[in-house]
Structure formats: C-alpha cells, structure tokens
Amino acid sequence: MTSYRDNMTVPTPRRRNLGFVLVPVVALALMVLFGWGLFSEGDDLPSALIDKPVPEFALAPVLGREEGLSTQDLIGHVSLVNVFASWCVPCRAEHPLFMELSATGEVPLYGINYKDPPEQARAWLDELGDPYTRIGADINGRAGIEWGVYGVPETYVITSDGTIAYRHVGPITRAILEETLLPIVRDLKTQAGKEPTP
C-alpha cells in the first residue's frame, strides 16, 4: 500500500530557487511600470481625434463667469483648450504658465472645467486668477468623454478650422509650452494667415 507521502512531489532545490528569483523579478517589473506611468509626462498617449474636428459640445459657464464654451467658439482662430479641475494638483502647478501666456495675448486659451463642484471651481479661479477667454463647466464629464480625456490636465492645440492638431496629456511645463505648444501654434497661425482675435 502506497502512502500519501509516496504520491507527493517534493520540490527540488532548483524549483525553490526559481521561485525566489522569479517573484522579485516580477515585482520589480511591476514597480518599474507603475513608476513610469506615475512620473512620465504621458503626452505620447494616442488620440483618435488628432486631425479630426473638435467634438460637438456646448457647456454652460463656470459659476461666476458669464460665458460658457462650445464648438463654435473654437472656429476661426488657432487656440489652446485646457481641461482642468480644482482638485487636480498638476493643474495648480501649470496654472501660473497659463496666466503668463494669457497676459501675452499670443493665443486664446479656453478652459473645460472637468467634474468640478461649481463653488470649488469658482473659488479656485478667484484665488489663482482666470487666464481663460471662455470656460465651460463639464460637471458630469460628458464633454470630457467626447474629447477622449484620460484625466486632467490635458491641453489641445486647435486649428483655425476647428481641427485638433495636437494633444498633450499631463501638466504643461515651461519647456513644453515654449518648445512644443507655442511652435505648433505659431506654425498654424502662419499657415492660416493673419487671424482675427476672438
């Protein structure tokens, strides 16, 4: 009669050693992927909307502002659209650059306030300043879905005919603004000729 122990497979030292090596390697790979996702600027995420018209949308103004934002506001001039929220820490970090940009008058900046309680959005803009030509309140996130927003902040360059030319996911830094966004804006403005201001 064979015993229970006779049918058991005893792990060999080689199998045990493989487990000791494999588990830390897999854990390290997962940490590297997590770290890359957390700290990469993310502007290489694909967008099906590049070279396509801006989605049809019409948003009411943010609390305390008079004008909302719609598709029609983005036609007739090159512009930037920034998707932001008061609860977004990277949005706060990029905001001073948008205040500077707004003061230059080089390109109109439009805002989509994403999933923000109205009072918090108003307080945030009152505290930090309002660099936006117009802001739409996307309280339920529907416009964000139409735009393909992964998360905030995101910034889009829009051509004068209302086409999405470029998309940046993540906070804007001075280098990104000066070396990527503004050169695209200037090139598009040159292509479109002199444009009227909105």
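Keep in mind the model is a prediction, meaning the values are calculated, not measured.

*Asks:* What is the right way to read the nonpolar core from this model?
*Replies:* Within soluble globular proteins, side chains that are nonpolar tend to cluster in buried spots. Membership of the largest hydrophobic core comes to 45 residues, with the highest contact counts inside it found for Phe 57, Leu 74, Val 81, Ile 112, Trp 147, Tyr 156 and Ile 158. A total of six residues in this core trace back to one element, the largest contributor, which is helix 6 (residues 174-192). When neighbours within four sequence positions are excluded, Val 81 is seen to be in contact with Leu 74, Tyr 110, Ile 112, Trp 147, Glu 154, Thr 155, Tyr 156 and Ile 158.

*Asks:* Quick question: what am I supposed to make of the sheet that holds strand 6 (residues 154-158) here?
*Replies:* Adjacent strands of a sheet pair through backbone hydrogen bonds, lying either parallel or antiparallel. With mixed pairing, five strands are arranged side by side in an open sheet as 5-4-3-6-7. Since the sheet does not close on itself, it has two edges, and those belong to strand 5 (134-138) and strand 7 (164-169), each with one partner. Averaged over neighbouring strand pairs, the angle between their axes works out to 20 degrees when direction is ignored. Where strand 6 lies against strand 7, five bridges are found, and the strand directions are antiparallel. When the sheet's bridge partners are listed, Glu 154 is paired in strand 7 with Val 169. Where helix 3 (residues 89-104) meets the sheet, its contacts fall on strand 3 (79-84), strand 4 (109-114) and strand 6, and the angle it forms with strand 3 comes to roughly 155 degrees.

Reading the values: the criteria
Every chain begins its residue count from 1, and numbering advances along the sequence as written. Confidence filtering applies because this is a predicted model: local features only for residues at pLDDT of at least 70, side-chain atom pairs given and counted only at 80 or more, and all residues used for totals across whole chains, interfaces and linings. Water and hydrogen atoms play no part in the side-chain values, which are based on all heavy atoms of the structure. What we call a nonpolar core is a set of buried Ala, Val, Leu, Ile, Met, Phe, Trp, Tyr and Cys residues that are connected through their side-chain atoms within 4.5 Å. Under the scheme applied here, a residue whose accessible area is under 20% of the maximum for its type counts as buried, over 50% as exposed, and between as partly exposed, the area being computed with a 1.4 Å probe on protein chains only. Secondary structure elements follow DSSP: runs of H or I of four or more residues count as helices, runs of E of two or more count as strands, with numbering from the N terminus. Contacts are assigned to residue pairs that have any heavy atoms within 4.5 Å of one another. Pairs of strands are assigned from DSSP output, requiring at least two bridges between the strands. Axis lines are fitted to C-alpha atoms, over the contacting stretch for helices. Their N-to-C directions set the angle, which ranges from 0 to 180 degrees.

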